[in-house]
Each structure stands twice: as structure tokens, then as C-alpha cells.
Amino acid sequence: MLQLLGLKPEEIQRLISQGQVALEEMKAEMACIKASLEAIERILGYEYGRPSRTLMGHDPLRLPLIAQVEAAGEARRVDVAGLLGKPATRGHVVNIGDAKAALWFETGSQRVGPYYLLPAAALDLSWALEILEVRDAGEGPAKVQILMQ
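Residues numbered from 1 in each chain as written. Predicted model: local features only at pLDDT ≥ 70, side-chain atom pairs only at ≥ 80, totals over all residues. Heavy atoms only, no water.

**Some points on the sheet that holds strand S2 (residues 76–79)**
- Judged by pairing direction, the sheet is antiparallel, and its four strands sit side by side in the order S2-S7-S4-S5 without closing on themselves. The sheet is open, and its two edges are formed by S2 and strand S5 (110–117), each paired on a single side. On average, each strand axis in the sheet is tilted by 20° relative to the strand beside it, whichever way the strands run. (Pairing = 2+ DSSP bridges. Helix = DSSP H or I, 4+ residues; strand = E, 2+ residues; numbered from the N terminus. Axes fitted to C-alpha atoms, helices over the stretch in contact; angles between N-to-C directions.)

Here it is as C-alpha cells:
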């Protein structure tokens, strides 16, 4: 049938092999483009503090978590993920007491701290947070207010 169209079997084989080579080249180029886009996404995440795509974002219909935590001599842990129903993706912590507060931040198995928050200072959070731990820094009872979404 193809011979009726004027195509010889050798030409058909050559066209098929050229098509396969072109398809392999396109697959390799698409893999490079995909790797470049993933690298750009990671860079933007590092630059602007964007969480991973698997993390649920802020829902404006859900009220933020507002709480005051006072720690005198012992650590107080606030399960932000449990209270919000998801990890917090933004918010702030304000030291409303008269002494420094030591803060620890936990997300999954990662624990970071202590971060010392001076009296009347605020810390703006732009990363995912599951648990916030508040302790006094040895200068007296620490009192912080948190607002997280």
C-alpha cells in the first residue's frame, strides 16, 4: 500500500529510525528542562521561605491560632499542628514579658533552637512549624503571645 504512495521500504525504515532518534533527543531535553525547573523551585523556596507543595497552605476560612504561653522554670510546648489541624505556614511570636524567652521550633524530626527572643520583640514566621517550645532564659518567667495560621 505504501508502495502505491511512492514510498520504498528502505525510506520507511530510515524515517522510522530518524523519528526514534528525534524522540530520544526530545526526552533528554525534557529531562533537562524538568531538572532546571525543579532547581528554580528549590532556589525560590530558599529565597522566599516557601514550603513544599505537600504542605497545606493557609485557609482564610479557618481562624488563626492565638495563644499566650507563660514558662517559668519548665518548658511549655504548643502543638501548633494539632491545634490548627495542619502545620502553621505563617504567623508571629511576640515576647510580651519582661525577660528573655528561649524558643525551639519543631517540624517533623527536625528541632531548631534555642532562639532567644528579647522582651517586646517579635519574630515573624515564614516556614512550616508543628511544635513551638517556650522556656525561660534564666532571667525570670517568659511570656510570649503567638498568632499562627
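**Details of a nonpolar patch on the surface**
- Among the surface-exposed residues, Met30, Ile33, Leu37, Ile40 and Leu44 lie close enough to one another that they form a single nonpolar patch of about 480 Å² accessible area.
- Structurally, the position occupied by Ile40 is in helix H1 (residues 9–48).
- On the accessibility criterion, Ile40 (46% relative accessible area) is partly exposed. (Patch = residues over 30% accessible without salt bridge, like charges linked within 9 Å, V, L, I, M, F, W, Y side chains within 5 Å. Areas by Shrake-Rupley, 256 points an atom, 1.4 Å probe, with all protein chains shown as cover. Salt bridge = Lys/Arg side-chain N within 4 Å of Asp/Glu carboxyl O. Buried < 20%, exposed > 50% of the residue type's maximum accessible area, 1.4 Å probe, protein only.)

**Considering the pattern of salt bridges**
- Evaluated as defined, the whole model comprises seven salt bridges.
- With its nearest N and O atoms 2.8 Å apart, the salt bridge here joins Glu106 to Arg77. Taken together, the residues Glu106 in strand S4 (residues 101–107) and Arg77 in strand S2 connect sequence positions 29 residues apart.
- Since its relative accessible area comes to 47%, Arg77 is described here as partly exposed.
- Residue Arg77 pairs with Glu133 through a salt bridge whose shortest N-O separation is 3.1 Å. Of this pair, Arg77 sits in strand S2 while Glu133 sits in strand S7 (residues 131–136), placing them 56 residues apart in sequence.
- Three or more residues are tied together by salt bridges with common partners; here these are Arg77, Glu106, Arg111, Glu133 and Arg135.

**Section: the side chain of Glu106**
- Owing to a relative accessible area of 12%, Glu106 belongs among the buried residues under this scheme.
- Only 2.7 Å separates the side chain of Glu106 from the side chain of Arg111, close enough to count as a polar contact. (Polar contact = N/O pair within 3.5 Å; in protein donor to acceptor, adjacent residues only side chain to side chain.)

**Quick notes on the sheet that holds strand S8 (residues 142–148)**
- Ordered in space as S1-S8-S3-S6, the four strands form an open sheet in which the pairing is antiparallel. Pairing within the sheet leaves two strands with one partner each, and these edge strands are strand S1 (65–71) and strand S6 (122–125). Direction aside, the axes of adjacent strands within the sheet are offset by 15° on average.
- Of the pairings in the sheet, the one linking S1 to S8 comprises seven bridges and is antiparallel in character. In the strand pairing of S8, Leu65 is matched with Met148.

**Some thoughts on the pairing of S7**
- Sheet topology places S2 next to S7; four bridges connect them, and they run antiparallel. Residue pairing in the sheet places Arg76 in a bridge with Val134 of S7.
- Inspection of the sheet shows S4 paired to S7 by six bridges, in the antiparallel sense. Residue pairing across strands places Glu106 opposite Ile131, the latter belonging to S7.

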